[in-house]
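Each chain, letter by letter, is given below.
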Amino acid sequence: MLNGTTADQSVERTNLRINAVKTCQPIGAMYAALGIHGCMPHSHGSQGCCSYHRSHLTRHFKEPVIATTSSFTEGASVFGGLANLTQALKNIFSIYNPEIVAVHTTCLSEVIGDDIPTIVKRAREEGAIPEGKLVIHTNTPSFVGSHVTGFANMVTSTLKYLAAEPTGETKDQLNIVPGFVEPADMRETKRIADLMGVKTVMLPDTSGVLDGPLDGTYKMYPKGGTQVADIRTMADSMATIALGHFASNPAADWLEAKQQVPAAHLELPIGVGATDAYVEALRAYAPEGKVPEALETERGRLVDLISDMQQYFHNKRVAVAGDPDHVIAMVKFLIELGAKPVYVITGSPGNHYERRVHELLDPIVPDAKIKQSADYYELHQWMKQAPVDLLIGNTYGKYLARVENTPFVRFGFPILDRVGHRFFPSVGYNGGIRLVELMLNALLDHKDRTCAEEWFELVQ
Ligand code: SF4
């Protein structure tokens, strides 16, 4: 499919993205809303947007993703979506009976300029929203940002609606904003906090929602998800740990600015150093201020694996593509492994990304190509100019890997053609072990397939 890509970049391409490494804001908002218990995500726009967002998430998680839509047609496009949203709320509560509806906008309703809070207020006055039920909203115009922005917007808006009234009494608990990560990552992030003896409220929490068991009964609202009652207490927590600058910092910053809950800004806990930083942040709030032996053992296993296998990673040229928080964390891990990230792109915009990756790579790989708002097409051109030993990215990277015969590890969002990612974490020491396994197997499988007979080894 990409056989026609050439290394020639003599014509500057400024207004066209080909295979952008991002998708649109509402997908992130929908994903975040699914991490609230008893929540129905609602897409205020046309059916096509909602269908695309639902199917994209369903294809990634291999789970039915619920969401409703205002079903805009020509009338709503001209006169606005007041009638559609009001009718939708009536239908949603009478048919699907959620505890809470989380409305996000689309390009169309943003261009029209629908005022969601006013529409919801009127709907409540007209009786479209039953007593005791909640409707929250966030704005997710897709002509700016990416799915990561949409995720951050929904988490922040949820807090604005539900954590607006602190009691004034600090609770013995930490808030954790886990980033746009897999249910398995959220589960692992909580498990580490549990091991440290720290009570947490995680928002959002899709573990138990998008990695649920098949038990013969369909549950529209599975057991998982952050309880609304717990979200309300987040304004009273001791502190917030935000994992990921782009997906998590805005929510933590809001809690700090408006509710005086101190924020700790960390990167995704991927690899040894980043997980150490997460554990250290928790330790400040751990009852005994200690790291349990079980966690030290997990760390030791990851360090042992890295030292056993570092010869396979040493100086390997790696290309990384994905969401900014994921890419920053992966670059740090690759440096720990002794590899050389030479091409590092994200489709999402944001100057922090380039600044941070330069900070990490300039002393080690000064000629690395680092780019925000980038696309797979340009990455492919770079790979044509000077190949890499390993490509790490979402499913769309497979086209490049196939054409260039490059070992490929699927990482981030979306992964549409493999399973396992929602069950096995990438974060924490155990997640590091899994990532090393995936990368190493990709490198060694490629070597076994392509090496000369005399290098075809039984033992590695
Ligand atoms: S980019 Fe805009 S119009 Fe397209 S699917 Fe996303 S929200 Fe809908």
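Each value, and the rule that gives it
- Residues numbered from 1 in each chain as written.
- Predicted model: local features only at pLDDT ≥ 70, side-chain atom pairs only at ≥ 80, totals over all residues.
- Domains from an automatic or database assignment.
- Contact = placed C-beta atoms within 7 Å.
- Helix = DSSP H or I, 4+ residues; strand = E, 2+ residues; numbered from the N terminus.
- Nonpolar A, V, L, I, M, F, W, Y, C, P; charged D, E, K, R; others polar.
- Core = buried A, V, L, I, M, F, W, Y, C linked by C-beta atoms within 7 Å.
- Buried ≥ 20, exposed ≤ 12 C-beta atoms within 10 Å, placed from the backbone.
- Pairing = 2+ DSSP bridges.
- Axes fitted to C-alpha atoms, helices over the stretch in contact; angles between N-to-C directions.
- Expected span 1.5 Å × (residues − 1).
- Arc of directions from axis to C-beta.
- Near = placed C-beta within 6 Å.

Asks: Is there a simple way to explain the domain arrangement of the protein chain in this structure?
Replies: The extent of an interface is frequently quoted as the accessible surface area lost upon association of the parts. Parsing the protein chain into structural domains produces domain 1 (25–162), domain 2 (174–293) and domain 3 (295–455). Domain 2 and domain 3 are separated by 25 Å when their C-alpha centres are compared. Listed as interface residues are 31 residues of domain 2 and, on the opposing side, 32 residues of domain 3. Elements that contribute at least two residues to the side of domain 2 that touches domain 3 include exactly helix H8 (183–195), helix H10 (245–259) and helix H11 (272–283). The biggest single contributor to the side of domain 2 that touches domain 3 is H8, with 8 residues. Split by residue class, the side of domain 2 that touches domain 3 holds 17 nonpolar, 7 polar and 7 charged.

Asks: Looking at this structure, how should I read the nonpolar core?
Replies: A general feature of soluble globular proteins is that nonpolar side chains tend to end up buried together. By size, the foremost hydrophobic cluster in this structure holds 119 residues, and its most contacted members are Phe151, Ala319 and Met330. Ranked by the residues each element gives to this core, the list is headed by helix H13 (residues 324–337), at 8 residues. Ignoring sequence-local partners within four residues, the contact set of phenylalanine 151 consists of Gly28, Ala29, Tyr31, Ala32, Phe180 and Ala247.

Asks: Sorry, what's going on with the sheet that holds strand S1 (residues 39–44) here?
Replies: Think of a sheet as strands paired side by side through backbone hydrogen bonds, with each pair either parallel or antiparallel. Reading across the sheet, the 4 strands line up as S2-S1-S3-S4 and stay open at both edges, with parallel pairing between neighbours. The open sheet is flanked by strand S2 (68–69) and strand S4 (134–138), the only strands paired with a single partner. Two elements, S1 and strand S3 (residues 100–105), share 6 bridges in a ladder whose sense is parallel. Residue pairing in the sheet places proline 41 in a bridge with alanine 102 of S3. Running at roughly 160° to S1, helix H4 (residues 82–95) makes contact with S1, S2, S3 and S4 of the sheet.

Asks: What is the right way to look at H11 in this model?
Replies: For an α-helix the count is 3.6 residues per turn, leaving residues at separations of three or four pointing the same way. Along its 12 residues, H11 runs 16 Å from first to last C-alpha, staying within 8% of the 16 Å computed at 1.5 Å per residue. Residues Ala274, Thr275, Tyr278, Val279, Ala281 and Leu282 constitute the buried set of H11. Projection of H11 onto a plane perpendicular to its axis shows the buried side chains occupying an angular sector of 160°, all on one side. Next to the buried residues of H11 lie H8, strand S7 (239–243), strand S8 (263–266), helix H12 (293–313), H13 and helix H17 (428–450).

Asks: What am I meant to see in the site of the ligand here?
Replies: Cys24, Pro26, Cys49, Tyr52, Thr106, Cys107 and Ser142 make up every residue found near the ligand. For the shell around the ligand, the class distribution of residues is 5 nonpolar, 2 polar and no charged.

Asks: Would you mind showing me how to read helix H1 (residues 25–34) here?
Replies: Counting buried residues along H1, 10 of its 10 residues qualify, which places the element largely inside the surrounding structure. Burial in H1 covers these residues: Gln25, Pro26, Ile27, Gly28, Ala29, Met30, Tyr31, Ala32, Ala33 and Leu34.

Asks: Just checking my understanding: could you explain the environment of leucine 379 for this structure?
Replies: Here leucine 379 lies in helix H15 (residues 376–385). Residue leucine 379 is classed as buried on the basis of its C-beta count, with 26 C-beta atoms lying within 10 Å. For the pair leucine 379 and tyrosine 343, spaced 36 residues apart in the sequence, the C-alpha separation amounts to 7.2 Å.

Asks: Honestly, the sheet that holds S7 in this entry has me stumped. Any pointers?
Replies: In space, the 4 strands of this open sheet follow the order S6-S5-S7-S8, with parallel pairing throughout. Strands with a single pairing partner mark the edges of an open sheet, and in this sheet they are strand S6 (200–202) and S8. This sheet shows a mean twist of 20° between the axes of neighbouring strands, independent of strand direction. As paired elements, S7 and S8 share 4 bridges and run parallel to each other. Looking at S8, one finds that alanine 242 is bridged to histidine 265.

Asks: It is not clear to me how unusual backbone geometry should be interpreted in this structure. Could you clarify?
Replies: If a residue is not glycine, its phi is most likely negative; likewise, a peptide bond is most likely trans. Cis geometry is adopted by the peptide bond preceding proline 204, which originates at leucine 203 and carries an omega value of -10°. If you trace the backbone, proline 204 turns up in the loop between S6 and helix H9 (228–232). Looking along the chain, the bond that leaves phenylalanine 413 and enters proline 414 is cis, with omega of 0°. By the element assignment, proline 414 lies in the loop between strand S13 (408–410) and H17. The phi angle at glutamine 260 is positive, at roughly 60°, despite the residue not being glycine. Considering the arrangement of structural elements, one finds glutamine 260 in the loop between H10 and S8. Of the residues examined, glutamine 260 has 10 C-beta atoms within 10 Å and is grouped as exposed.

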